[in-house]
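A closer look at the structure
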Amino acid sequence: VQIQSNWPALPSLKGVRANCVAKIFKDSQLHSSGKGELQFTEHGLSGPVIFEISRDVCHEKGNWVCLLDFLPDLDEPLMPMLQRKRETNLPAEELLTGILHNRLGRVLTKAAGVRGTGLVAELSDGELDGVCKAVKAFSVPLTEPLGMDSAQVTAGGILTSEFDEMTMESRLVPGLYACGEVLDVDGDCGGYNLQWAWSSGVLAGLNAGKDRI
């Protein structure tokens, strides 16, 4: 499920997608991490990379943050790229144009303390370094999961050890079959949860049908 945040800039980024590395920390300790597509929403952070690493996030009290690297596959240091931008007449707020999504670039530039009224050519190395840090390690505070109604997959359920994996029949109650999310099975994004639902459903249905013959 997507994770909510109280970061004030979220409304201006609603709908923006970015490939990134996301690392979630609780009280400065790494909780989970992943790489993939991130989507900003009006509530917080969503997208496949968040779905894959959000299990148990914010279920306990603590200081939860998500550290984002928006250029994880960059082949060269970012600083020289930005220094070369000083040869242009771009406004300072457009420093990351052509590198990141325009809206995201403007938000990160502003978050790094760069004034949008000046020119890129006027930016100091210190200001460029601040932008580099924002692009490669931007911290977003997390508050809580959005809720069950918005979840893609649910964790928990009946213990799988109580069911025969070959027939999906209960080991405790003969003639009782279960499949899908009723059982304690949850996987990563990418169709795995749907495949589990279909496969276990077919298996349970075929064997339950045999009991009726």
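First, a word on what this report is: a plain description of the structure on this page. Everything quoted here is computed from the prediction, not taken from an experiment. (Residues numbered from 1 in each chain as written. Predicted model: local features only at pLDDT ≥ 70, side-chain atom pairs only at ≥ 80, totals over all residues. Heavy atoms only, no water.)

Brief notes about the overall build of the protein chain
- When you go through the protein chain residue by residue, the secondary structure sums to six helices and seven strands.
- Residues classed as buried in the protein chain amount to 36% of the 213 residues present.
- Considering only contacts in the protein chain between residues 6 or more positions apart, those separated by 24 or more positions represent 68%. (Helix = DSSP H or I, 4+ residues; strand = E, 2+ residues; numbered from the N terminus. Buried < 20%, exposed > 50% of the residue type's maximum accessible area, 1.4 Å probe, protein only. Contact = heavy atoms within 4.5 Å.)

Considerations on the pairing of strand E3 (residues 29-40)
- Here 10 bridges tie strand E2 (residues 17-26) to E3, and the two strands are oriented antiparallel to one another. In the strand pairing of E3, lysine 26 is matched with glutamine 29.
- One ladder, built from two bridges, connects E3 with strand E4 (residues 44-46); its direction is antiparallel. Opposite phenylalanine 40, over in E4, you have leucine 45 as the bridge partner. (Pairing = 2+ DSSP bridges.)

Observations concerning the pairing of E2
- Between E2 and E3, which pair antiparallel and follow one another directly, the connecting turn spans two residues, one of which, aspartate 27, has a positive phi of 50°.
- Judged from the six bridges that link them, E2 and strand E5 (residues 64-69) form a sheet pairing that is antiparallel. What sits directly across from phenylalanine 25, in E5, is valine 65.

What about helix H4 (residues 102-111)?
- All of the buried residues in H4 are Leu104, Gly105, Val107, Leu108 and Thr109.
- Those residues of H4 that are buried lie in contact with helix H1 (10-13), E2, E3, helix H5 (125-136) and strand E6 (138-141).
- Positive phi shows up at glycine 113, right after H4, with a value of about 95°.

Section: the nonpolar core
- Within the largest apolar cluster, 44 residues are counted, with the highest numbers of intra-cluster contacts made by Phe40 and Phe70.
- Ranked by residues supplied to this core, first place goes to H5 with five residues.
- Sequence-distant contacts of phenylalanine 40, that is, excluding residues within four places in its chain, are made with Trp7, Leu10, Leu13, Lys14, Gly15, Val16, Leu45, Phe70 and Leu104.
- Counting six residues, the second-largest nonpolar core is a separate cluster that includes Met168, Tyr177, Ala178 and Ala204. (Core = buried A, V, L, I, M, F, W, Y, C linked by side-chain atoms within 4.5 Å.)

Quick notes on the sheet that holds strand E7 (residues 144-145)
- With antiparallel pairing, the seven strands of this open sheet are ordered in space as E6-E5-E2-E3-E4-E1-E7. In the strand order of this sheet, the two ends are held by E6 and E7, each with one partner.

Considering the state of the cysteines
- The full count for this structure, using the stated rule, is zero disulfides.
- With no disulfide of its own, cysteine 132 lies closest to cysteine 20 among cysteine sulfurs, the gap being 17 Å. (Disulfide = S-S within 2.5 Å.)

Focus on the packing of aromatic side chains
- Scanning the entire structure with this criterion turns up three aromatic pairs.
- Summarising the aromatic geometry, the rings of tryptophan 7 and phenylalanine 40 are spaced 6.3 Å apart at their centres and angled 55° between planes, so their arrangement reads as tilted. Here phenylalanine 40 lies in strand E3 and tryptophan 7 lies in the loop between strand E1 (3-4) and H1, a separation of 33 residues in the sequence. Accessibility assignment for this pair places tryptophan 7 and phenylalanine 40 in one class, buried.
- The structure contains a cluster of three or more aromatic residues connected by ring pairs, namely Trp7, Phe40, Phe70 and Phe138. (Phe/Tyr/Trp six-rings, centres within 6.5 Å; stacked < 30°, edge-to-face > 60°.)

What to know about the side chain of asparagine 193
- Position of asparagine 193 among the secondary structure elements: in helix H6 (residues 192-212).
- Residue classification places asparagine 193 among the buried positions, given a relative accessible area of 18%.
- Of note is the side chain of asparagine 193, whose polar atom sits 2.8 Å from the backbone nitrogen of glycine 187.
- Those residues in contact with asparagine 193 that sit more than four places away from it in its chain are Val153, Asp186, Gly187 and Asp188. (Polar contact = N/O pair within 3.5 Å; in protein donor to acceptor, adjacent residues only side chain to side chain.)

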